[in-house]
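One letter stands for each residue in the lines below.
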Amino acid sequence: MTPLLSFANVGKRFPDGGREITVLEGVSFEVDAGVFVGLYGARRSGKSTLLRIAAGIEQPDAGTVRFDGRSLEGMNGSQRGRLLRRELAFMASGAWRPHPGESVVDHVAMSLGSDGLTIREARRRALRALERVGVTASCADEPAGSLSLADRTLVMLARAIVHEPRLLLVDEPAVMPSLSDRGRFYVLLREIAREQDMALLVVSEEMGALQGAGLMMSISGGEVCTTAERGTVVPLPRRSARAAERSGS
């Protein structure tokens, strides 16, 4: 079976003055459809860069990324954009950018604008997605820019799932001040993934966000390793082989 998402020896570097910083090095893993994968890492560990590469937003400097067998590097910008709108969804708190005066329902419906739907049908689907995440119909016509942090996160989830993607990529899923709000959001995220038979790749520095993952991975120093193998993600043994060389075994 072709994996839904695969990384093969992926590397990424960024310039830093007169030198380069290696953010990812030799990252390899495979994710099958319908699997929830959690990736734990501290700040500046490379986890957000990994997620942006998986979405086709960033390009790797080395290695290959494939979605359902299709190489993302072989796609042009418009093809990667179409993939992100239709089969992938990317959710990150820093991506919250509603237009001035835009309503909540229109903010969600706008993500369906390229699917050939009428405005009425796009709004109908947006309202259904908002209802599923717990945003009431009375809030749908409110300005998106006026939302609280907790409601903003729910609307971002509605926008991500409205086109029923096959894979949802989530960077720090719930930046909320309340622990109880965060806990409810994590449960909701897992429920929706099961309902839509959608694969999840969630990266976070908070272990609570990753509870229930079929497989847990961690990232440090730009390298990814498996911490518990219970799902259908198969990382390649590049990192452990290096460790064995260093230890002389």
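Our subject is the structure that appears above.
Here the structure is a predicted model, which means the values were calculated and not measured.

1. What to know about the overall build of the protein
Inference 1: Along the backbone of the protein there are seven helices and ten strands.
Inference 2: The buried share of the protein, taken over its 249 residues, is 45%.
Inference 3: The contacts of the protein with a sequence gap of at least 6 include a subset with a gap of at least 24, amounting to 68%.
Inference 4: Of the roughly 12300 Å² of accessible surface on the protein, a fraction of 49% belongs to carbon and sulfur atoms.

2. Things to note about the pattern of salt bridges
Inference 1: The final tally for this structure, using the stated rule, is 16 salt bridges.
Inference 2: Across the salt bridge formed by E195 and R132, the nearest N and O atoms sit 2.6 Å from each other. Note that E195 is positioned in helix α6 (residues 179-195) and R132 in helix α4 (residues 119-133), a separation of 63 residues in sequence.
Inference 3: You can call R132 partly exposed: its relative accessible area is 28%.
Inference 4: The salt bridge partner of R184 is D181, with a shortest N-O separation of 2.5 Å. Highlighted residues: R184 and D181, both in helix α6, separated by three residues, approximately one helical turn.
Inference 5: Since its relative accessible area comes to 24%, D181 is described here as partly exposed.
Inference 6: Here the salt bridges do not stand alone but share partners, grouping D68, R70, E87 and R166 into one network.

3. Regarding the sheet that holds strand β2 (residues 19-31)
Inference 1: One open sheet holds the four strands; their spatial order is β2-β1-β4-β5, and the pairing between them is antiparallel. At either margin of the open sheet sits one strand with a lone partner, and together these are β2 and β5 (70-71).
Inference 2: Relative to strand β4 (residues 62-67), strand β1 (residues 5-16) is paired through five bridges, and the arrangement is antiparallel. Directly across from G11, in β4, lies its bridge partner A62.
Inference 3: Its contacts with the sheet place helix α1 (residues 47-54) against β1, β2 and β4, and it is angled at close to 120° to β1.

4. Some words on the packing of aromatic side chains
Inference 1: Counted according to the given criterion, the structure contains one aromatic pair.
Inference 2: With a centroid separation of 4.8 Å and 15° between ring planes, the pair formed by F7 and F29 is classed as stacked. Here F7, found in strand β1, pairs with F29, found in strand β2; they are 22 residues apart in sequence, far enough to count as distant.
Inference 3: Classification of F7 as buried rests on a relative accessible area of 2%.

5. A look at the packing of α4 against helix α5 (residues 149-161)
Inference 1: At a minimum axis separation of 9 Å, α4 and α5 run at an interaxial angle of 130°. Looking at the two axes, α4 sits oblique to α5. Considering how the two elements wind past one another, α4 and α5 form a crossing that is right-handed. Residue-level contacts link A129, L130 and V133 of α4 to L154, V155, L157, A158 and I161 of α5.
Inference 2: Grouping the amino acids of the contact of α4 with α5 by side-chain chemistry returns eight nonpolar, no polar and no charged.

6. Some remarks on the environment of L130
Inference 1: Secondary-structure assignment places L130 in helix α4.
Inference 2: Classification of L130 by relative accessible area gives buried; the value is 1%.
Inference 3: Sequence separation of L130 and A158 is 28 residues, and the distance between their C-alpha atoms is 5.4 Å.
Inference 4: The contacts of L130, once residues within four sequence positions are left out, are V104, V105, V108, V135, A140, V155 and A158.

7. Points about the pairing of β4
Inference 1: The sheet contact formed by β4 and β5 spans two bridges and is antiparallel. Bridge pairing in β5 links R66 to S71.
Inference 2: Adjacent in sequence and paired antiparallel, β4 and β5 are bridged by two residues, among which D68 carries a positive phi angle near 50°.

Thresholds, definitions, all that
Residues numbered from 1 in each chain as written. Predicted model: local features only at pLDDT ≥ 70, side-chain atom pairs only at ≥ 80, totals over all residues. Heavy atoms only, no water. Helix = DSSP H or I, 4+ residues; strand = E, 2+ residues; numbered from the N terminus. Buried < 20%, exposed > 50% of the residue type's maximum accessible area, 1.4 Å probe, protein only. Contact = heavy atoms within 4.5 Å. Areas by Shrake-Rupley, 256 points an atom, 1.4 Å probe, with all protein chains shown as cover. Salt bridge = Lys/Arg side-chain N within 4 Å of Asp/Glu carboxyl O. Pairing = 2+ DSSP bridges. Axes fitted to C-alpha atoms, helices over the stretch in contact; angles between N-to-C directions. Phe/Tyr/Trp six-rings, centres within 6.5 Å; stacked < 30°, edge-to-face > 60°. Parallel < 35°, antiparallel > 145°, perpendicular 65-115°, else oblique. Left-handed = near helix turned anticlockwise from the far one by under 90°. Nonpolar A, V, L, I, M, F, W, Y, C, P; charged D, E, K, R; others polar.

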